[in-house]
Amino acid sequence: ARLGGCIIRWWNMPQRIVEAVSCHHTPESATHAPELVHLVHLANVLSHHADPTVEKHSGRPALSEATQRFFDLGEPQALDQLIEKLRAADLELNN
């Protein structure tokens, strides 16, 4: 994430894009565009969890509490339910 942020900054991208790339693993550290950082963090977590080839306990990042509060996701089971819906949709699209 940090390297990506450096590259994006070098390309003279807007600060909010730099921050979204740099902070998507630590969304609570966002200062310029927290809404975008939380969105990228959520997308990153969902993509890892929805991928059946990623090891469940070692390769899947956890959703930050800050992002969970930001999107008012409630209990952790809500994320699990969303992931199951994404997997089902993915299977349906790829069959």
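Here's a quick rundown of the structure.

Conventions adopted
Residues numbered from 1 in each chain as written. Predicted model: local features only at pLDDT ≥ 70, side-chain atom pairs only at ≥ 80, totals over all residues. Heavy atoms only, no water. Salt bridge = Lys/Arg side-chain N within 4 Å of Asp/Glu carboxyl O. Helix = DSSP H or I, 4+ residues; strand = E, 2+ residues; numbered from the N terminus. Buried < 20%, exposed > 50% of the residue type's maximum accessible area, 1.4 Å probe, protein only. Contact = heavy atoms within 4.5 Å. Phe/Tyr/Trp six-rings, centres within 6.5 Å; stacked < 30°, edge-to-face > 60°.

For the rest of this paragraph, the subject is the pattern of salt bridges. Within this structure, the stated rule accounts for 2 salt bridges. The closest approach of N and O atoms between Glu35 and Arg16, which form a salt bridge, is 3.5 Å. Here Glu35, found in helix α3 (residues 34-50), pairs with Arg16, found in helix α2 (residues 15-23); they are 19 residues apart in sequence, far enough to count as distant. Its relative accessible area of 39% is what places Glu35 among the partly exposed residues. For Arg69, the salt bridge identified is with Glu65, shortest N-O distance 4.0 Å. A residue pair is termed a helical-turn pair when its members lie 3 or 4 positions apart in one helix, as Arg69 and Glu65 do in helix α4 (residues 65-70) at 4 residues. Using a relative accessible area of 61% as the deciding quantity, one classes Glu65 as exposed.

Here we come to the environment of Val40. The topology assignment puts Val40 in helix α3. Given the relative accessible area of 30%, Val40 is considered partly exposed. Through-space distance from the C-alpha of Val40 to that of His24 is 5.9 Å; in sequence the pair is 16 residues apart. The residues touching Val40, leaving out its near neighbours within four places in the chain, are Ala20 and His24.

Going through the model one piece at a time under the given rule, you end up with 1 aromatic pair. Centre to centre, the rings of Phe70 and Phe71 are 5.1 Å apart; their planes meet at 85 degrees, and the pair counts as edge-to-face.

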